[in-house]
Amino acid sequence: MSIPANLKYTKDHEWVSIEGDVATVGITHFAQKELGDIVYVEVETLDQTLDKDEVFGTVEAVKTVSDLFLPLTGEIIAFNDSLESAPETVNSDPYGAGWMIKIKIADASEIDSLLSDEAYKNLIGA
């Protein structure tokens, strides 16, 4: 199972890539595998500022709908709108073209609460 070492992770199975004060967020390979075939990604919080752990959207798979939780407090500045027409990209490329949102980070100290790749591997038993 792919768990890139250069990313941070949450206990809710999101990955976070940080560049300066912007974080890119998606769901992990483990999460997309557990969900199954993803048919819809909904993010209605674009341009809103949310707190860490608030729901920023949902991902719908054939068998379930799951909330997406914000890993860091900040303003949602971008949504990967290619997911509107090709949500299955989250299944085929969760760490690349399947990214979901970009956040302007409001509190950089929260980054310390994210999991390393090793801690995430321990969480999922990989």
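Residues numbered from 1 in each chain as written. Predicted model: local features only at pLDDT ≥ 70, side-chain atom pairs only at ≥ 80, totals over all residues. Heavy atoms only, no water.

So, on to the UniProt feature "modified residue: N6-lipoyllysine" (unreviewed entry) in the chain. Residues annotated in UniProt with the feature "modified residue: N6-lipoyllysine" (unreviewed entry) correspond here to Lys63. Mapped onto the elements, lysine 63 comes out in the loop between β6 (55-61) and β7 (65-69). Classification of lysine 63 by relative accessible area gives exposed; the value is 62%. Ignoring any residue separated from it by four or fewer positions in sequence, one finds lysine 63 in contact with Glu34, Leu35 and Gly36. Side-chain polar atoms of lysine 63 contact the backbone oxygen of glutamate 34, separated by 3.3 Å. (UniProt positions renumbered as here; feature names shortened; annotations may be inferred. Helix = DSSP H or I, 4+ residues; strand = E, 2+ residues; numbered from the N terminus. Buried < 20%, exposed > 50% of the residue type's maximum accessible area, 1.4 Å probe, protein only. Contact = heavy atoms within 4.5 Å. Polar contact = N/O pair within 3.5 Å; in protein donor to acceptor, adjacent residues only side chain to side chain.)

This part takes up the UniProt feature "domain: Lipoyl-binding" (unreviewed entry) in the chain. The sites that UniProt annotates as "domain: Lipoyl-binding" (unreviewed entry) are residues 22-104. Annotated as residues 22-104, this span is 18% helix and 42% strand, and its ends, taken at the C-alpha atoms, are 5 Å apart.

Strand order in the open sheet formed by six strands is β1-β2-β3-β9-β8-β5, and the pairing between neighbours is antiparallel. Where the open sheet ends on each side, the last strands, each with one partner, are β1 (8-9) and β5 (49-50). Relative to strand β2 (residues 14-19), β1 runs antiparallel, the two being bridged by two bridges. Bridging across to β2, lysine 8 finds its partner in valine 16. (Pairing = 2+ DSSP bridges.)

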